[in-house]
Amino acid sequence: MTEFFIRRTLQSVLVLFLITLVTFGLIHAAPGGPFQMMLAPGLSPEAMKVQAHNMGLDQPLPMQYLHWLGNLLQGDLGYTFKNHVPIGQVIWPTVKNTFILMGVAWLLTLIIAIPWGIYNSTKEYSLSDQTASFISYIGFAMPTFWFGIILQQIFSIKLDWLPLADMYAMDKEGQLGDLMMHLILPVTVLTLSFLAAYVKYSRSSMMEVLDKDYIRTARAKGVREGKVIYKHALRNALIPVITIVALDLPLLVAGAALTESVFNWPGMGRLFVQMAVAREYSVLMAITLLTAVIVIIGNLIADLLYAVVDPRVQLGKRGGRSA
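- The name given to the protein in an unreviewed UniProt entry is Peptide/nickel transport system permease protein, and the organism recorded there is Paenibacillus catalpae.
- In its Subcellular location (unreviewed entry) section, the UniProt record describing the protein reads: "Cell membrane".
- Of the protein, the UniProt comment under Sequence similarities (unreviewed entry) reads exactly: "Belongs to the binding-protein-dependent transport system permease family."

1. Notes on the overall build of the protein
Thought 1: Check the secondary structure of the protein and you find 13 helices and zero strands.
Thought 2: Mapped in sequence order, the helices and strands of the protein form the string α-α-α-α-α-α-α-α-α-α-α-α-α.
Thought 3: Classification of the 323 residues of the protein by burial places 41% in the buried group.

2. Considering the packing of helix H4 (residues 87-122) against helix H5 (residues 127-141)
Thought 1: Contact geometry of H4 with H5 gives a least axis separation of 9 Å together with a crossing angle of 130°. Overall, the two elements H4 and H5 adopt an arrangement that is oblique. Crossing handedness for the pair H4 and H5: left-handed. Residue-level inspection shows Trp116, Tyr119 and Asn120 of H4 in contact with H5, the latter providing Ser128, Asp129, Thr131, Ala132 and Ile135.
Thought 2: Residues of the contact of H4 with H5, tallied by class, amount to four nonpolar, three polar and one charged.

3. Observations concerning the UniProt feature "transmembrane region" (unreviewed entry) in the protein
Thought 1: Here the UniProt-annotated "transmembrane region" (unreviewed entry) positions come out as residues 99-119, 131-155, 179-199, 237-263 and 283-309.
Thought 2: With 100% helix and 0% strand, residues 99-119 has its two end C-alpha atoms placed 30 Å apart.
Thought 3: Annotated as 100% helix and 0% strand, the span residues 179-199 places its first and last C-alpha atoms 28 Å apart.

4. Describing the nonpolar core
Thought 1: Membership of the largest hydrophobic core comes to 37 residues, with the highest contact counts inside it found for Leu101, Leu190, Tyr198 and Met206.
Thought 2: Secondary structure elements with two or more residues in this core: H4, helix H7 (176-210), helix H8 (213-220) and helix H9 (225-248).
Thought 3: Per-element accounting of this core gives the leading share, 12 residues, to H7.

5. Some details on the environment of Ser156
Thought 1: Its place among the elements puts Ser156 in helix H6 (residues 144-158).
Thought 2: With 29 residues separating them in the primary sequence, Ser156 and Leu185 have C-alpha atoms 9.3 Å apart.
Thought 3: The residues contacting Ser156, other than those within four sequence positions of it, are Leu151, Leu162, Pro163, Leu164 and Leu185.
Thought 4: Engagement of the side chain of Ser156 in a polar contact is seen with the backbone oxygen of Pro163, the distance being 3.1 Å.

6. Brief notes about unusual backbone geometry
Thought 1: Of note in this structure, Tyr125 is not a glycine but carries a positive phi near 65°.
Thought 2: Within the element layout of this structure, Tyr125 appears in the loop between H4 and H5.
Thought 3: Given a relative accessible area of 62%, Tyr125 falls into the exposed group.
Thought 4: Of note, the phi angle at Asp160 is positive, near 55°, even though the residue is not glycine.

7. Structural notes on the packing of H6 against H7
Thought 1: Packing of H6 against H7 brings their axes to within 10 Å, and their N-to-C directions diverge by 140°. The element H6 and its partner H7 pack so that their crossing is right-handed. Mapping the contact onto sequence places Thr144, Phe147, Gly148, Leu151, Gln152, Phe155 and Ser156 in H6 and Leu185, Thr188, Val189, Leu192 and Ser193 in H7.
Thought 2: The residue inventory of the contact of H6 with H7, partitioned by class, reads six nonpolar, six polar and no charged.

What counts, and where the lines are drawn
Residues numbered from 1 in each chain as written. Predicted model: local features only at pLDDT ≥ 70, side-chain atom pairs only at ≥ 80, totals over all residues. Heavy atoms only, no water. UniProt positions renumbered as here; feature names shortened; annotations may be inferred. Helix = DSSP H or I, 4+ residues; strand = E, 2+ residues; numbered from the N terminus. Buried < 20%, exposed > 50% of the residue type's maximum accessible area, 1.4 Å probe, protein only. Axes fitted to C-alpha atoms, helices over the stretch in contact; angles between N-to-C directions. Parallel < 35°, antiparallel > 145°, perpendicular 65-115°, else oblique. Left-handed = near helix turned anticlockwise from the far one by under 90°. Contact = heavy atoms within 4.5 Å. Nonpolar A, V, L, I, M, F, W, Y, C, P; charged D, E, K, R; others polar. Core = buried A, V, L, I, M, F, W, Y, C linked by side-chain atoms within 4.5 Å. Polar contact = N/O pair within 3.5 Å; in protein donor to acceptor, adjacent residues only side chain to side chain.

Written as structure tokens, this is what we have:
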């Protein structure tokens, strides 16, 4: 166990280092570079040099990277180029908002998709199974931004049942009831898109396990079908689902840029789009790094859950079996 955590920690540190290095290089390779964002119209060459020196942008790129990395290790994400506002003040409020939106959509998806997929695996080609397949096709094929706009047109503009956008009404900020009303449309869009993958993975994984010899043996011995499904088959069937959940975990922080933009949800996804348009490269680097950290945490959690769900899976050997 200790060796596993040491190895994964070293791997995570290396991955984070490479991500920061590549992101830093790509940002500074962009046309104009970050310095162009700070230039006011008509600024004299002397003033430009002073401004570049004050921001440390007149130093060689390796020195700029090391300076940024040193500040990062001290918890300093830096400042925005245009307004010189601490990046932490810009990012952290949006992380909370995205966590609320994505967390509700994610949990609702798991509550619906996993039991539905398991049920459909035992009722192949039934009405429920065909309905799930139809919904999955829609979820895979339909763009989330288009679906969001359609829902807005129907339920917000024509019927006037639900709020059009934003997280709160102007005079109701902080009220739980108003938040729940604003969550309905974006959560519906996200849940449909998540549901498409989760139902199919749950169903196909369970069907594969139900075809194993030990399941046939349990049934031949007269074990109740419920016990066969939930005691013998479910643990093994959950392993691929855990992988998908771990891969989607970064969305809890990174958000869904298109959905947040359509519904004007003040989350990390919308912030990333806004900062990309504004070419606020320092904020983009911070968001990329934060997302990478969540990806690594998600993979670590997945490794631990593999061992919890199926003790035969050895820590540090994902998907491997003990002899």
